Structure formats: structure tokens, C-alpha cells
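Here is what each chain is made of, one letter per residue.
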Amino acid sequence: MLDFVAAFERGGAVLWMLQFTTLRHNPLDAINALIRGCLLEERLGENTFTYVPKSGAAQALKWTFHNGLGLVFVAVYQKTLSLLYVDELLTSVKNEFVAVYKPGQRGYKQFDDVFQRLLREAETRAEVSKRQPVMRNAAAVASKQNGNAAAGQAKKDSGGAKSGGLASGDARGDDDAAARRKPSASGAAGQASEVSADGEDGDTSGTEDGVRAFDVSKLPKGVASRGRGARGRPGAAATSGKADATSKKKEDAAPKKKARNWNSLFPSGKGDNPDRIDYTEEGDGPPTASDRDLVSGASASATEDEGAGPRGAGVSRMDVDDDDYDDEDEATSEEANNSAQPGRGVEPAAPAKRGLLASFVSSLKMNVVGTSALTRADVEPALADMKRKLMERNVAEEIAAQVCDSVGRRLEGQRLAGFTGVVAFVRTAFEEALSGILNKRAVDVLLDIKKSQARGKPYVIVFCGVNGVGKSTNLAKIAYWLGGHGIKVTIAACDTFRAGAVEQLKTHCARLRVPLYERGYEKDPAKVAYEAVRQAERDGQHVVLVDTAGRMQDNQPLMRALSNLIAVNNPNLVLFVGEALVGNDAVDQLTKFNKALSDLAPTAAAAAASGAAGASGRGNADGSALTRRHGGVIDGIVLTKFDTIDDKVGAALSMVYTSGAPIMFVGCGQTYVDLKKLNVKSVVKSLLK
């Protein structure tokens with residue numbers, strides 16, 4: 001039984017609604033969840049959306065569109081029910097409602113009777129289809145039976161031929177063998193041909209229905225010997241020997257690199273004394289200032305002492321507007337274009353000449369008056385091209401297919417504007433869709449820190465992710481950025497597993513001049529984080545950055561430990577740190593991280609009883625201790641190594657689309673200032689170019 005049905009505009013105005021049951025929540029909450037979770041995030045390819053209210057059973061929402069008028073029709077029912085007629089009912093409702101729809105009109109009470117009639121008809125058809133037995137096609141059944149009988153007869157004949165062989169005197173077998181033989185110049189040649197085709201003894205029992213093995217002797221010369229190795233090719237051994245000798249001479253002639261002895265860099269060491277160490281620029285020029293600093297060891301102290309502030313000079317790129325990045329990108333592209341102009345070393349390619357027919361055919365691709373609505377067949381070639389572009393930019397194949405399907409469904413029924421081509425129309429739709437996916441509302445960290453500071457509680461951020469993605473490095477970058485805003489930061493070393501993890505954070509804290517809370521190795525990370533938060537609260541620190549050990553998404557014991565850490569401390573922000581280099585693996589990582597952290601989460605009572613007394617005061621009083629912002633445990637994403645991928649920026653789209661969490665920080669270099677916001681405009685441009 002349906003809970004309610006509704007028709008509303010894409011702008012959000014509800015035109016008509018009919019409710020059948022009494023709900024504990026506002027029906028508009030389910031519609032708003034559908035808009036936020038599917039319509040705004042380009043998930044139109046999904047057939048069903050699940051809404052879980054705060055009180056009551058989960059609901060399933062199915063919908064359909066009328067893109068020409070911008071209308072959405074939704075049917076809501078209990079998820080536990082299996083209503084087979086909903087899709088057909090929505091199609092009928094759409095067709096009937098469009099006939100009475102008037103732009104600007106609100107309230108269609110007269111449509112209630114029409115819907116009741118459509119509902120009765122749909123339920124009747126569903127009942128009739130359930131009662132009717134599944135009838136098999138008689139022709140298909142007869143064909144299958146004849147095929148089985150023929151196969152059995154052929155198998156029987158084959159068995160008889162095998163038992164009798166050629167000596168059985170079967171006239172039909174002799175005739176077939178004679179017909180298959182080719183006339184040859186000598187009997188030996190004919191016998192060899194027969195043996196190669198039929199086997200050693202001329203046995204034909206291995207074939208069925210007259211299908212024989214492939215005759216290799218019929219191939220042209222040189223082709224038959226392929227795949228047999230050097231033994232089957234005359235002169236192959238000699239050729240291989242010559243190649244080996246040639247390669248050996250080249251190896252002997254190549255100069256060998258001399259191993260360098262680095263002991264001279266230490267006070268008591270003896271070895272080579274290199275003048276040049278920094279080879280970022282090619283050539284064998286004189287030693288630079290960087291070389292002298294590296295040899296003398298002065299660069300480390302210079303990094304700590306340079307600038308007026310205690311944390312070193314430089315403003316984090318997080319505080320630089322996106323417009324500055326756009327200017328840099330445009331300058332880079334302009335420089336690339338200028339390098340291909342005449343007189344600069346590279347001649348530009350001459351524009352291709354187009355004839356009269358080509359120009360006329362090209363003009364036919366442009367819609368002048370927009371007389372007909374677009375169909376899926378009209379936009380399918382453009383969608384296939386867009387999917388190829390997304391996958392070439394490292395977008396996961398599953399995500400690219402879902403986005404293209406969603407955009408295609410949104411374009412069906414729309415009309416082209418005057419002098420607008422289908423390709424340009426589809427590209428504009430993709431730009432809007434990708435911008436809507438990536439422009440998710442991120443958490444304002446600085447504002448939340450001030451609110452937490454007013455309550456006298458430190459703001460806790462937990463970093464998690466797989467191994468080797470740069471959690472500790474980007475944690476230090478975020479600490480540098482927060483310190484630039486006058487925020488007191490404490491770092492908690494909760495990676496008690498990896499060797500050198502604590503020492504790495506000690507080095508960062510010494511350079512950043514921030515306190516480090518650590519208890520060494522082989523300790524419970526949840527208790528270390530809890531003690532760090534309590535210590536920061538006593539010291540008046542504003543933010544606690546919790547570093548955790550890297551773990552694979554399939555390692556259940558380590559995922560359970562991370563889930564327990566989050567449940568015990570209930571951080572204000574859980575950030576997933578992922579590489580920009582990954583493609584399809586990004587979907588698997590985020591999906592399994594969210595699922596494992598949610599499924600393995602202890603209850604609030606269990607988290608309080610795990611050894612951290614009072615921890616439940618930071619969590620939820622009901623059920624699960626992990627109730628986050630975006631329906632999962634992960635609140636935001638830190639995308640690292642973004643400076644190494646050129647235009648393959650698809651991992652950003654895959655991660656956001658999979659988790660529903662925004663990309664809050666982007667790591668783009670090796671220094672503390674190399675942290676910035678995601679430039680959505682630049683990413684969309686790279687995805688579609």
C-alpha cells in the first residue's frame with residue numbers, strides 16, 4: 001500500500017499530494033531527502049531511493065520525470081513491501097497530469113479521482129499478472145527438444161564410429177574419408193596430409209557432426225610454423241644468437257654508473273666530496289646555493305628560522321582565492337599556445353580545409369528552431385563521448401556510467417534552443433551536473449572551531465585512510481594552516497603500529513612548534529586519543545589533530561579498532577585521506593571504509609565502558625555512537641598528491657560521488673603551505689576538455 005504520492009516542480013514547489021496513511025514524520029521530509037540525495041547529486045539513474053526517518057520504518061521512493069515541463073512525480077511506500085505496479089502507475093500519472101497541468105497553477109484537487117482510477121487499474125493488472133501461469137513458448141520448447149534429440153543421435157553415431165574404427169568397413173565412413181583427402185603427387189605426401197588432418201591413426205571419433213580439426217598444412221608457408229618456437233623455424237637459432245651477441249656488445253659498451261660514497265657528508269666519514277647534489281636542473285653546471293646548503297646541512301635550520309613568525313614564512317594556499325588559481329591555469333595555457341606560434345620554434349598546424357558539402361552537413365547538426373524534443377537516441381552519441389572522456393580522466397567506470405545515465409535521463413524531453421547543437425547542449429548539462437556534484441557544502445572548520453572554543457571544548461579531527469597516502473604529512477599542513485589563524489593545535493600520535501610514526505610527528509611538531517601527545521607504540525589508540533583530548537582541554541588548546549595508522553579497507557580487526565576510536569572520542573570531524581592517483585579503487589576504499597566503520601561501531605554504552613569513562617558524554621545517548629553528517633562515518637575528504645596527476649582529476653569526482661562527503665583539503669606539494677581548496681571550475685574544465 002502506498003503511503004503518499006506527490007507531483008512537484010524541479011524548483012521544489014509541490015503541486016499536488018495525496019496521502020493514504022498517517023505518518024510520524026512530515027511527508028515533505030522524504031521529498032527533501034530525495035532532492036538532496038539524488039536530484040542535486042545527479043543520481044537520476046537509480047530507480048529507488050531509501051529514506052530512513054528519525055521515527056518509523058524506512059520508506060522507499062520511486063520517481064519519474066517530465067523534463068519538458070520540469071515536473072517530478074514521486075510514489076512513497078514502506079520499504080518492506082514489494083509493489084510491482086509502482087513504475088507503471090507513475091507513468092500513467094505523468095501522462096494524465098500533464099494533460100491538466102497549467103503553468104503557475106497550484107493545487108490540483110480534482111486530480112485525486114483520476115489518481116484513484118489509475119491506482120485501481122494498476123492494482124488489477126498486477127493481480128491478474130500474478131494469477132497467470134508463466135507460459136513457455138511452444139516453438140522454443142519444440143526447437144529445444146529437436147536440438148537435444150539431434151545432439152543425442154550425433155553422440156551415438158560418434159560412439160559407433162569410435163568402436164568400429166576404419167576397420168569396421170562402414171561404407172559411409174570410407175566415403176567421407178575419401179572425400180576429405182586431397183589429391184597429391186605421391187602417396188607419402190597424401191598420407192602425411194591425412195595424418196596431419198585426421199590424427200595419427202586417422203581416427204575421426206573425436207569430432208561430432210562432421211566437424212574436423214583444423215588442417216595446419218593448408219596454411220601458407222611461414223604461417224604454419226608460428227608459435228612453435230625457435231625449433232620450428234629454420235635459422236631462428238642463428239638469429240637469436242646474433243641478437244644476443246648484439247645486445248651483449250651494447251651492454252658492454254654502455255658506461256656504468258659509479259656508486260657514490262656519501263660518508264663524506266658526516267663528520268667522521270671518508271668518501272667522495274661531491275660539489276653538486278641538486279640535479280633538478282639538467283646539465284653539469286657549477287654548484288648552486290641549494291647544493292652548498294645540502295652539503296653543509298644548513299638547509300634544515302634555515303627552514304625553521306626563516307621569516308618573521310615562529311612557524312616560518314609563507315601563507316597557506318588555503319587562504320588564497322580560487323580566482324588566483326584560475327589566473328595561473330590561464331597563464332599556463334596561454335604560454336603553451338604562444339609556444340606553438342610562428343617564430344617560436346614550432347609551426348602551428350594549418351587549419352583543415354572544409355568543402356561545401358562538409359560545411360552543409362555540419363550545419364545540419366545545429367538545431368535552428370528547436371521543433372522537436374530530445375530523445376535518448378539523440379543524446380546517446382554525445383553521452384558515449386562524455387563517458388569516454390571521464391574514464392580517460394581517471395573517473396571510475398561505474399561512476400562515469402551513473403553520471404552519464406543521470407544526465408541522459410535529465411535531457412530526455414527537453415528542447416534545444418535556437419542555433420544550439422546537441423553536443424554543446426550535452427556539454428553544458430555535464431558542466432552543470434559535475435559542478436553540482438563537486439560543489440557540496442563543506443564544513444566551515446574555522447567557524448566550528450570558534451563555536452567549540454566558546455563551549456570550552458577542543459575541536460577534534462581524526463584522520464584515517466589506507467597506507468601511504470600522506471595522512472601525517474597533510475595533518476602537519478592543516479596544523480600549519482590553523483596556526484596561521486591563531487589557533488592553538490595539539491597533535492595526538494595514535495599511530496602506535498608503524499615504526500617511525502611517532503618520530504615523524506615529533507619532527508613536524510618541532511618545526512611547527514606545536515605540542516605532541518604520544519604514549520609510544522603498542523598502545524590502545526582509542527585511549528591515547530581520549531587522553532590527548534583531556535590534556536588539550538586542561539591546557540586550553542583549541543584543536544586536537546588525531547593521527548591514525550594506515551589500514552586496508554578489508555582488514556576487519558584494524559577497521560574495528562578505528563571504529564572504536566571514533567566511537568569513544570566522537571570527534572567533530574572525520575577526514576578520509578585518499579590519493580588523487582587512484583581510479584576505480586577510490587570507490588572501493590570509501591564504500592568499505594564507510595560501511596565498516598558504521599557496521600563495526602559499538603553502541604554508546606559499549607564505547608563508554610571500553611575504558612574511557614565519560615566518553616559517552618561526547619557521543620549520542622541512543623544506539624549507535626556513530627551518527628555523522630552525510631549518512632556515513634566520513635565527514636570530509638583530504639585529496640593528496642594532486643600536483644602529480646596533471647589533468648587526470650577523476651578521483652575527486654569518484655570520491656565525492658561515492659561517499660557524499662565534500663573534498664575539504666587538497667594537498668598539492670611537499671611544503672607546509674602546499675594545501676588548498678578544491679577548484680571546482682578547474683576540475684570540471686579538466687574533466688571535459
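In the block above lies the structure referred to throughout.
All residue numbers refer to position in the chain's written sequence, counted from 1. Confidence filtering applies because this is a predicted model: local features only for residues at pLDDT of at least 70, side-chain atom pairs given and counted only at 80 or more, and all residues used for totals across whole chains, interfaces and linings. The basis for the side-chain values is all heavy atoms of the structure; hydrogens and waters are excluded.

Engineer: Explanation requested: the overall build of the protein in the structure shown.
Structural biologist: Each helix corresponds to a stretch of at least 4 residues labelled H or I by DSSP, and each strand to a stretch of at least 2 residues labelled E; elements are numbered beginning at the N terminus. Helix and strand content of the protein: 23 helices and 15 strands. Buried positions account for 38% of the 689 residues belonging to the protein. Here a residue-residue contact requires only that any non-hydrogen atoms of the pair lie within 4.5 Å. Excluding contacts between residues fewer than 6 apart, the proportion of contacts in the protein whose partners are at least 24 apart in sequence is 69%. Note on exposure labels: buried denotes an accessible area under 20% of the residue type's maximum, exposed denotes more than 50%, and partly exposed covers the range between, all computed with a 1.4 Å probe on protein chains only.

Engineer: Explain empty space enclosed by the protein to me, please; I cannot follow it from the model alone.
Structural biologist: Here the idea is plain: a probe the size of a water molecule rolls over the atoms and shows the empty space left. In this analysis the probe radius is 1.4 Å and the grid spacing 1 Å, with only protein atoms considered; a cavity is a set of points the probe fits into but cannot get out of, a pocket is an open set with protein on both sides within 12 Å along at least five of seven lines, and lining residues have an atom within 4 Å of a point. Grid points are joined across faces, edges and corners, and a volume is the space filled by probe spheres set on the points. What the rule picks out here adds up to one cavity of 30 Å³ or more. Of the pockets and cavities examined, the largest cavity occupies roughly 30 Å³. Taken together, Val5, Ala6, Trp16, Phe73, Val74, Leu90, Val93 and Phe115 make up the full set of residues lining the largest cavity. Put simply, the parts of the chain that give the lining of the largest cavity at least two residues each are β1 (2-9), β5 (71-78) and α2 (86-100). Asp, Glu, Lys and Arg are counted as charged, while Ala, Val, Leu, Ile, Met, Phe, Trp, Tyr, Cys and Pro are counted as nonpolar; the rest, among them Gly, fall into the polar class. Looking at side-chain class alone, the lining of the largest cavity contains eight nonpolar, no polar and no charged residues.

Engineer: Would you take a moment to explain the packing of helix α19 (residues 556-569) against helix α20 (residues 584-599) for this structure?
Structural biologist: For any two helices packed against each other, one specifies the crossing angle of their axes together with the interaxial distance. An axis is simply a line fitted to the C-alpha atoms; with a helix, the fit covers only the stretch in contact. Between two such axes, the angle follows the N-to-C directions and lies from 0 to 180 degrees. Remark: α19 packs on α20, axes separated minimally by 8 Å, with the N-to-C direction vectors making an angle of 65°. By crossing handedness, the relation of α19 to α20 is classed as right-handed. For the pair α19 and α20, the contacting residues are Met559, Leu562, Ser563 and Ile566 in the first and Phe593, Ala596 and Leu597 in the second. Looking at the contact of α19 with α20 residue by residue, the classes come out as six nonpolar, one polar and no charged. For any helix crossing, the convention is left-handed if the near helix is rotated counterclockwise from the far helix by under a right angle, and right-handed if that rotation is clockwise.

Engineer: I'm lost on the sheet that holds β1 in this one. Help?
Structural biologist: Sheets are built from strands paired through backbone hydrogen bonds, the pairs being either parallel or antiparallel. What the five strands build is an open sheet, ordered β2-β1-β5-β4-β3; its pairing is antiparallel. On the outer flanks of this sheet lie β2 (14-19) and β3 (48-51), each paired with one strand and no other. Pairwise comparison of adjacent strand axes, ignoring direction, gives a mean angle of 20° for this sheet. In terms of strand pairing, strand β4 (residues 59-66) meets β5 through eight bridges, oriented antiparallel. Bridge pairing in β5 links Thr64 to Phe73. Following DSSP output, two strands are said to pair if at least two bridges run between them.

Engineer: Please explain the sheet that holds strand β12 (residues 573-579) as it appears in this structure.
Structural biologist: Within the open sheet, the eight strands sit side by side as β10-β9-β11-β8-β12-β13-β14-β15. Their pairing is mixed. Strands with a single pairing partner mark the edges of an open sheet, and in this sheet they are β10 (516-517) and β15 (675-676). The sheet contact formed by β12 and strand β13 (residues 636-640) spans five bridges and is parallel. Looking across to β13, one finds that Glu579 is bridged to Thr640. Contacts from helix α15 (residues 445-454) reach β8 (459-464), β11 (543-547), β12 and β14 (663-667), with the element oriented near 135° to β8.

Engineer: Please clarify how the pattern of salt bridges should be interpreted in this entry.
Structural biologist: Oppositely charged side chains are able to pair whenever their charged atoms sit close together. Salt-bridge detection follows one rule: a side-chain nitrogen of Lys or Arg within 4 Å of a carboxyl oxygen of Asp or Glu. One pass over the full model with this rule turns up 23 salt bridges. Here Lys595 and Asp599 are joined by a salt bridge, their closest N and O atoms 3.1 Å apart. Separated by four residues within a single helix, Lys595 and Asp599 lie in helix α20, roughly one turn from each other. A single network of salt bridges, built from pairs that share partners, joins Asp385, Arg388, Lys389, Glu392, Arg393 and Asp647.

Engineer: Teacher, can you tell me more about the pairing of β12 here?
Structural biologist: Each regular strand shows side chains that alternate between the opposite faces of the sheet. For β12, a buried count of seven out of seven residues is recorded, marking the element as mostly surrounded by other parts of the structure. Across the two faces of β12 the burial is the same, with Leu573, Leu575, Val577 and Glu579 and Val574, Phe576 and Gly578 all buried. In the sheet, β8 pairs with β12 via four bridges, with the strands oriented parallel. Bridged to Val462 within β12 is Val574.

Engineer: Any chance you could explain α19 here in plain terms?
Structural biologist: Side chains that are three or four residues apart share a direction in an α-helix, a result of its 3.6 residues per turn. Working rule for helices: expected span equals 1.5 Å times residues minus one. Look at α19: 20 Å from first C-alpha to last across 14 residues, which is about the 20 Å you get at 1.5 Å a residue. Turning to α19, its buried residues are Met559, Leu562, Ser563, Asn564, Leu565, Ile566, Ala567, Val568 and Asn569.

Engineer: Whenever I open this one, the packing of helix α13 (residues 397-411) against helix α22 (residues 650-659) confuses me. Can you help?
Structural biologist: Closest axis-to-axis distance for the α13/α22 pair is 10 Å, and the angle between their directions is 75°. Here α13 is positioned roughly perpendicular relative to α22, judged by the angle of their axes. Contacts between α13 and α22 involve Ile399, Gln402 and Val403 on the former and, on the latter, Ser654, Tyr657 and Thr658. For the contact of α13 with α22, the residue count by class is three nonpolar, three polar and no charged. Reported orientations rely on four angle classes, namely roughly parallel under 35 degrees, roughly antiparallel over 145, roughly perpendicular from 65 to 115, and oblique for the rest.

Engineer: What is the right way to look at the packing of aromatic side chains in this model?
Structural biologist: Each aromatic ring pair is specified by the distance between its two centres and by the angle formed by the two planes. Only Phe, Tyr and Trp rings are paired, with Trp represented by its six-membered ring, and only when their centres lie within 6.5 Å; those with planes under 30 degrees apart are stacked, over 60 edge-to-face, the remainder tilted. Taken as a whole and judged by the stated rule, the model has 10 aromatic pairs. A centroid spacing of 5.0 Å and a plane angle of 85° characterise the contact between Trp16 and Phe111, whose relative ring orientation is edge-to-face. Of the two residues, Trp16 sits in strand β2 while Phe111 sits in helix α3 (residues 111-131), which places them 95 residues apart along the sequence. Phe111 carries the same exposure label as Trp16, and that label is buried. Members of the aromatic cluster, connected to one another through ring pairs, are Trp16, Phe20, Phe73, Phe97, Tyr101, Tyr108, Phe111 and Phe115. Both a distance and an angle decide whether a charge sits over a ring: NZ of Lys or CZ of Arg must be within 6 Å of the ring centre and within 35 degrees of the ring normal. It is Arg534 that lies over the ring of Tyr530; its NZ or CZ is 4.7 Å from the centre.

Engineer: Please clarify how the nonpolar core should be interpreted in this entry.
Structural biologist: As a rule of thumb, nonpolar side chains are buried together in soluble globular proteins. Each nonpolar core is a collection of buried residues, namely Ala, Val, Leu, Ile, Met, Phe, Trp, Tyr and Cys, held together in the definition by side-chain atoms within 4.5 Å. Ranked by internal contacts, the top residues of the largest apolar core, which has 110 residues, are Phe430 and Phe665. For this core, the element with the most residues is helix α14 (residues 422-438), which contributes eight residues. Here Phe665 is in contact with Met318, Val445, Ile478, Trp481, Leu575, Ile637, Val638, Leu639, Leu675 and Lys676, once residues within four sequence places are set aside. Among the nonpolar cores identified, the runner-up in size contains 26 residues, and Ala7, Ala60, Tyr77 and Ala122 belong to it.

Engineer: Please clarify how the side chain of Asp3 should be interpreted in this entry.
Structural biologist: Within the secondary structure, Asp3 sits in strand β1. Polar contacts, as used here, are pairs of N or O atoms within 3.5 Å; protein pairs need one atom able to donate a hydrogen and one able to accept it. Residues neighboring in sequence count only if both atoms are side-chain atoms. Here the side chain of Asp3 touches Gln59 through a polar contact of 3.0 Å, side chain to side chain. Setting aside chain neighbours within four positions, we find Asp3 in contact with Gln19, Phe20, Thr21, Leu23, Gln59, Val76, Tyr77 and Gln78.

Engineer: What's the story with the environment of Glu123 in this structure? I'm lost.
Structural biologist: Along the chain, the position of Glu123 falls in helix α3. Distance in space between the C-alpha atoms of Glu123 and Leu84 is 9.0 Å, their sequence separation being 39 residues.

Engineer: How should the pairing of β8 be read in this particular structure?
Structural biologist: The buried fraction of β8 is high, at six of six residues. Here β8 shows a buried face lined by Tyr459, Ile461 and Phe463 and a second buried face lined by Val460, Val462 and Cys464. Where β8 lies against β11, five bridges are found, and the strand directions are parallel. The residue of β11 that forms the bridge with Phe463 is Asp547.

Engineer: Hey, could you run me through the environment of Lys523 in this one?
Structural biologist: You can see Lys523 is positioned in the loop between β10 and α18 (525-539). Residues Lys523 and Cys494, 29 residues apart in the sequence, show an inter-C-alpha distance of 8.4 Å. With residues near it in sequence (within four places) discarded, Lys523 still touches Thr496 and Val528.

Engineer: Would you mind going over helix α16 (residues 471-484) with me for this structure?
Structural biologist: Over its 14 residues, α16 extends 20 Å from the first C-alpha to the last, a length consistent with the 20 Å expected when each residue adds 1.5 Å. Burial analysis of α16 places 12 of its 14 residues in the buried class, which makes it a mostly covered element. The positive-phi residue at the C-terminal boundary of α16 is Gly486, with phi of around 75°.

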